[in-house]
Amino acid sequence: MTQQFNNSKEEMINSYNQIALEAGIRKATVSDTFNAKSKSGPNSTTVILIVEAMGYSLLDFAKIYDSVNDTEIKNF
């Protein structure tokens, strides 16, 4: 049961628990993914599930990922 989001503030999933429920994965897995807790990083299936649960396509994610520059990474 995939829910489509318009990415508005009211509709966008904004908590680890909501993402986990929508993606059908453990909340701890979502948290570990966002907090880079795994030495090897998340597997591609986990990333895809999370991206889609947040209402984005993999193409949306790739465009955003490609637009991040070194300065933004350092500031983060």
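Teacher, can you tell me more about the overall build of the protein chain here?
In terms of helices and strands, the protein chain carries five helices and zero strands. Its helices and strands taken in sequence order, the protein chain reads α-α-α-α-α from the N to the C terminus. Here the protein chain, with 76 residues, has 16% of them falling under the buried criterion. Taking all contacts inside the protein chain whose residues are at least 6 apart in sequence as the whole, residues at least 24 apart take part in 35%. Here the protein chain has roughly 6,100 Å² of accessible surface; of this, 53% comes from carbon and sulfur atoms.

Could you clarify how one ought to interpret helix H1 (residues 16–23) in this entry?
Each full turn of the α-helix corresponds to 3.6 residues, which orients residues three or four apart in the same direction. When we look at burial in H1, the residues that qualify are Ile19, Ala20 and Ala23. Angular distribution of buried residues about the axis of H1 spans 100 degrees; they occupy a single face of the element. Next to the buried residues of H1 lie helix H2 (27–34) and helix H3 (44–53). Gly24 occupies a position one or two residues after H1 and carries a positive phi of about 75 degrees.

Just checking my understanding: could you explain the side chain of Thr46 for this structure?
With respect to the helices and strands, Thr46 occurs in helix H3. When its relative accessible area of 11% is taken as the criterion, Thr46 is described as buried. Sequence-distant contacts of Thr46, that is, excluding residues within four places in its chain, are made with Ile25, Thr29 and Thr33.

Could you clarify how one ought to interpret the layout of surface pockets in this entry?
Think of a ball as big as a water molecule: rolled over the atoms, this probe shows where empty space is left. Its boundaries defined by the atoms lining it, the largest pocket holds a volume of some 630 Å³. Forming the boundary of the largest pocket are 14 residues, of which Phe34, Phe61, Ile64, Tyr65 and Val68 lie nearest the centre. Of all the secondary-structure elements, those providing two or more residues to the lining of the largest pocket are H2, H3, helix H4 (58–67) and helix H5 (70–75). The class makeup of the residues in the lining of the largest pocket is twelve nonpolar, one polar and one charged.

Parameters and conventions
Residues numbered from 1 in each chain as written. Predicted model: local features only at pLDDT ≥ 70, side-chain atom pairs only at ≥ 80, totals over all residues. Heavy atoms only, no water. Helix = DSSP H or I, 4+ residues; strand = E, 2+ residues; numbered from the N terminus. Buried < 20%, exposed > 50% of the residue type's maximum accessible area, 1.4 Å probe, protein only. Contact = heavy atoms within 4.5 Å. Areas by Shrake-Rupley, 256 points an atom, 1.4 Å probe, with all protein chains shown as cover. Arc of directions from axis to C-beta. 1 Å grid on protein atoms, 1.4 Å probe; cavity = no way out; pocket = protein on both sides within 12 Å on 5 of 7 lines; lining within 4 Å. Points joined across faces, edges and corners; volume = space filled by probe spheres on them. Nonpolar A, V, L, I, M, F, W, Y, C, P; charged D, E, K, R; others polar.

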